[in-house]
Amino acid sequence: MAFVSEEISFVMIPLMAPGHTIPMVDMAKLLASRGVTVTILLTTLHASRFKAVIDRAVSSGLPIRLRRLHFPAEEAGLPAGCESFDTLPSYTLATNFFAAINKLRDQAEKILEEITPRPRCIICDRNIHWTAQTAEKFKIPRIVFDGMSCFSQMSIHNLYILQADNRIPETTPFLIPDIPDRIEVTRAQLPGAFNPGTLDMDDVREKIKASEGGAYGYIINSFEELEHKYVDEFRKVKGGINVWCVGPLSLCNEDSVDDKAQRGNSTASIDQENCLKWLDSWQPGSVVYACLGSLARTTLAQFVELALGLEASNRPFILVVKAAGEKQLQVERWISSNQFEERVQKRSFLIRGWAPQVLILSHPSIGGFLTHCGWNSTLEGITAGVPLITWPLFAEQFLNEKFVVNVVGTGVSVGSESVMHMGEEDRSERKVGRENVRSAIERVMEEGKEGNRREVARKVGEMAKKAVQAGGSSHLNITLLIQQIIKITKK
Ligand code: UDP
């Protein structure tokens with residue numbers, strides 16, 4: 001498969017958050033499988049989370065090198081060891097987290113100086129804005145990764161234009177302008193740039209946005225067949241800049257049960273064998289998998305509606321319980337005082353902590369995925385060929401919901417109406433009721449009643465798998481990306 005005749009070296013600098021680091025590590029494996037030597041810069045915590053997967057890749061012969069960054073948590077006013085966005089004790093510390101990231105530049109540049117052969121490009125997360133200056137200093141192209149789809153990129157691009165003209169209505173629903181489909185949203189559903197919470201992130205956002213200008217191109221975790229109109233539009237609005245869709249990235253773990261099980265965390269919170277055995281005991285397409293991502297700080301009120309909606313659905317389900325600190329205690333107290341586990345014991349599997357999501361989704365018993373619509377999870381659900389029950393929470397997740405419900409046609413919304421602002425989780429009232437959860441599950445799981453949603457999901461899942469195979473669009477895009485970088489850095 002490798003076609004690179006000389007040693008070509010790339011550097012990758014992911015953002016310290018699971019939804020950003022996970023696809024970057026997948027990308028490192030993909031590039032390395034094509035012969036590129038990839039040096040990936042990870043903080044100590046992420047290095048340990050990804051150790052098993054990276055060690056396995058290296059021992060199978062892939063040229064991946066891991067270099068550790070010391071994350072200056074305490075210097076930035078964070079607790080020691082708080083090195084990943086999901087470990088923040090409160091999201092009100094988000095600005096401190098970005099301040100710590102800004103202090104990493106010198107360390108990263110020292111590593112870049114040491115790498116041989118000299119790196120030909122940096123693939124970096126959009127949110128690490130100093131990489132723009134680093135790329136300039138080392139005179140190498142910078143390729144930006146942001147973890148969003150082209151649909152969301154395009155929607156956000158046009159929302160910025162609308163915002164500059166002061167044309168985003170405060171409360172009434174409106175159409176996102178100049179995109180190929182009719183997509184209606186409200187301001188309350190939009191990401192922080194258009195719908196800020198009390199946390200002041202303007203300075204962080206502006207620096208990030210300003211740094212995008214000189215990027216040589218974008219890598220997108222998506223595939224052209226899924227959203228080709230949006231890929232074309234995105235290329236156009238970026239002035240014909242390179243946009244390489246190389247996904248679904250999660251599929252690079254397809255051949256290894258261990259890679260799927262340990263993706264994102266060397267130790268899942270459950271025994272994978274038990275989970276697979278439990279899944280084996282159910283009919284194909286009968287189980288609902290419910291997980292609200294890596295960052296969601298589930299409030300008790302939200303958890304109760306989710307849990308009772310799943311119970312009322314009368315379907316077998318896997319529920320990933322993710323709450324932190326005091327909220328976790330409240331959730332556990334509710335579970336035990338209501339004997340929830342005993343009540344649903346015969347048809348449920350509860351996971352507290354980290355779930356082996358891609359392993360679970362690829363099991364044939366999974367028939368629906370209740371997701372918070374983070375783009376990784378959304379695409380993983382699409383790739384698994386299952387319809388989605390959508391419960392967006394924050395960031396661009398409402399846009400991802402619109403995409404699967406209105407464009408792809410494989411999602412059913414639970415009816416969430418507004419974002420849960422970061423750091424204000426405790427203040428948000430109950431947003432979605434159990435009956436909404438139950439009825440969305442019912443609509444997704446009931447065969448045949450509502451057109452061919454399940455069949456569409458199956459077909460799109462097949463398209464996703466074809467895209468990454470030899471001859472597929474994403475496979476070709478990786479070839480083009482490597483060739484392009486070799487060409488422009490030849491001298
Ligand atoms: N994930 C996982 N197990 C969990 C929670 C999340 O494997 O218990 C993975 C999931 O498969 C996805 C990523 O973490 O790849 C979460 O990214 P996403 O964009 O969906 O949402 P975020 O967590 O960034 O909100």
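Described below are features of the structure shown in this document. (Residues numbered from 1 in each chain as written. Predicted model: local features only at pLDDT ≥ 70, side-chain atom pairs only at ≥ 80, totals over all residues. Heavy atoms only, no water.)

### Details of the overall build of the protein chain
Secondary structure assignment for the protein chain yields 20 helices and 15 strands. At 22 Å, the protein chain has a C-alpha radius of gyration in line with the 23 Å of a compact globule built from 491 residues. The principal-axis extents of the C-alpha atoms in the protein chain amount to approximately 65 × 55 × 45 Å. Put simply, the protein chain has 491 residues, and 59% of those count as buried. Residue pairs at least 24 apart in sequence account for 73% of intrachain contacts in the protein chain once pairs closer than 6 positions are excluded. In the structure as shown, the protein chain presents an accessible area of about 19700 Å², 49% of it carried by carbon and sulfur atoms. (Helix = DSSP H or I, 4+ residues; strand = E, 2+ residues; numbered from the N terminus. Rg over C-alpha atoms; globule rule 2.2 N^0.38 Å. Buried < 20%, exposed > 50% of the residue type's maximum accessible area, 1.4 Å probe, protein only. Contact = heavy atoms within 4.5 Å. Areas by Shrake-Rupley, 256 points an atom, 1.4 Å probe, with all protein chains shown as cover.)

### Remarks on the pairing of strand S9 (residues 242-245)
Looking at chain direction, strand S8 (residues 217-220) and S9 are connected through 4 bridges and run parallel. Residue pairing in the sheet places Tyr-218 in a bridge with Val-243 of S9. Handedness of the S8-helix H9 (residues 224-237)-S9 crossover: right-handed. (Pairing = 2+ DSSP bridges. Right-handed = clockwise from strand over helix to strand, strands pointing away.)

### Focus on the packing of helix H7 (residues 150-164) against helix H17 (residues 397-408)
Where H7 contacts H17, the axes come no closer than 9 Å and their chain directions differ by 115°. The two elements H7 and H17 meet at a crossing, and its hand is right-handed. From H7, Phe-151, Ser-152, Ser-155 and Ile-156 reach across to H17, where they touch Leu-399, Asn-400, Lys-402, Phe-403 and Val-407. When grouped by side-chain class, the residues that make up the contact of H7 with H17 number 5 nonpolar, 3 polar and 1 charged. (Axes fitted to C-alpha atoms, helices over the stretch in contact; angles between N-to-C directions. Left-handed = near helix turned anticlockwise from the far one by under 90°. Nonpolar A, V, L, I, M, F, W, Y, C, P; charged D, E, K, R; others polar.)

### Section: the packing of aromatic side chains
Summed over all chains, the structure comprises 15 aromatic pairs. With centroids separated by 5.6 Å and ring planes inclined at 50°, the aromatic side chains of Trp-278 and Phe-349 adopt a geometry described as tilted. Highlighted residues: Trp-278 in helix H11 (residues 272-280) and Phe-349 in strand S12 (residues 348-352), separated in sequence by 71 residues. Side by side, Trp-278 and Phe-349 carry an identical accessibility label, which is buried. Pairwise contacts between aromatic rings join Phe-71, Phe-85, Tyr-91, Phe-97 and Phe-98 into one cluster. If you follow Lys-209 out to its NZ or CZ, it ends over the ring of Tyr-160, 4.1 Å from the centre. (Phe/Tyr/Trp six-rings, centres within 6.5 Å; stacked < 30°, edge-to-face > 60°. Lys NZ or Arg CZ within 6 Å of the ring centre and 35° of its normal.)

### Considerations on the pattern of salt bridges
For the structure shown, the criterion picks out 32 salt bridges. With a shortest N-O distance of 3.4 Å, Asp-165 and Arg-167 are connected by a salt bridge. With a relative accessible area of 44%, Asp-165 lands in the partly exposed category. In this structure, Glu-435 engages Arg-438 in a salt bridge whose closest nitrogen and oxygen atoms are separated by 2.8 Å. Taken together, the residues span about one helical turn, with Glu-435 and Arg-438 both in helix H18 (residues 434-445) at a distance of 3 residues. Looking at Arg-438, the relative accessible area reads 23%, which means it is partly exposed. (Salt bridge = Lys/Arg side-chain N within 4 Å of Asp/Glu carboxyl O.)

### Some thoughts on the state of the cysteines
Across all of its chains, the model carries 0 disulfides by this definition. You can see Cys-124 has no disulfide; the closest cysteine sulfur is in Cys-121, sitting 9.4 Å from it. (Disulfide = S-S within 2.5 Å.)

### Here we look at the packing of helix H5 (residues 105-114) against helix H6 (residues 131-138)
Contact geometry for H5 and H6: axes closest at 11 Å, N-to-C directions at 30°. In this view, H5 runs roughly parallel relative to H6, as classed from their interaxial angle. Pair H5 / H6 crosses with right-handed handedness. Seen from H5, the contacting residues are Arg-105, Glu-109, Leu-112 and Glu-113; seen from H6, they are Gln-133, Thr-134, Lys-137 and Phe-138. For the contact of H5 with H6, the per-class residue count stands at 2 nonpolar, 2 polar and 4 charged. (Parallel < 35°, antiparallel > 145°, perpendicular 65-115°, else oblique.)

### What to know about the layout of surface pockets
For the second largest pocket, the calculated volume is near 600 Å³. Lining the second largest pocket are 25 residues, with Leu-30, Leu-251, Cys-252, Asn-253 and Asp-255 sitting closest to its centre. Within the residue set of the lining of the second largest pocket, elements represented by two or more residues are helix H1 (18-33), helix H3 (51-59), helix H19 (453-468) and helix H20 (473-488). Each residue belonging to the lining of the second largest pocket can be placed in one class, and the counts come to 11 nonpolar, 7 polar and 7 charged. (1 Å grid on protein atoms, 1.4 Å probe; cavity = no way out; pocket = protein on both sides within 12 Å on 5 of 7 lines; lining within 4 Å. Points joined across faces, edges and corners; volume = space filled by probe spheres on them.)

### Regarding the environment of Leu-249
Of note, Leu-249 is situated in the loop between S9 and helix H10 (257-261). The sequence separation of Leu-249 and Glu-455 amounts to 206 residues, and the corresponding C-alpha distance is 23 Å. If sequence neighbours within four positions are ignored, Leu-249 has contacts with Pro-23, Asp-26, Met-27, Leu-30, Phe-145 and Asn-221.

### Some thoughts on the nonpolar core
By size, the foremost hydrophobic cluster in this structure holds 70 residues, and its most contacted members are Phe-71, Phe-85, Ile-101, Leu-319, Leu-370 and Trp-391. Element by element, the count of residues in this core is highest for helix H12 (residues 300-313), at 6 residues. Residues in contact with Leu-370, not counting those within four places in the same chain, are Val-288, Tyr-289, Ala-290, Cys-291, Leu-292, Leu-306, Ile-389, Trp-391, Val-437 and Ile-441. Counting residues in hydrophobic clusters, the runner-up holds 55 residues, among them Ile-156, Phe-223, Ile-241 and Leu-399. (Core = buried A, V, L, I, M, F, W, Y, C linked by side-chain atoms within 4.5 Å.)

### Some details on the pairing of strand S4 (residues 121-125)
Among the 5 residues that make up S4, 5 are buried, leaving the element largely enclosed by the rest of the structure. Of the two faces of S4, the one lined by Cys-121, Ile-123 and Asp-125 and the one lined by Ile-122 and Cys-124 are each fully buried. Direction of pairing for S4 relative to strand S5 (residues 142-145): parallel, over a ladder of 4 bridges. Within S5, the position partnered with Ile-122 by the bridge is Arg-142.

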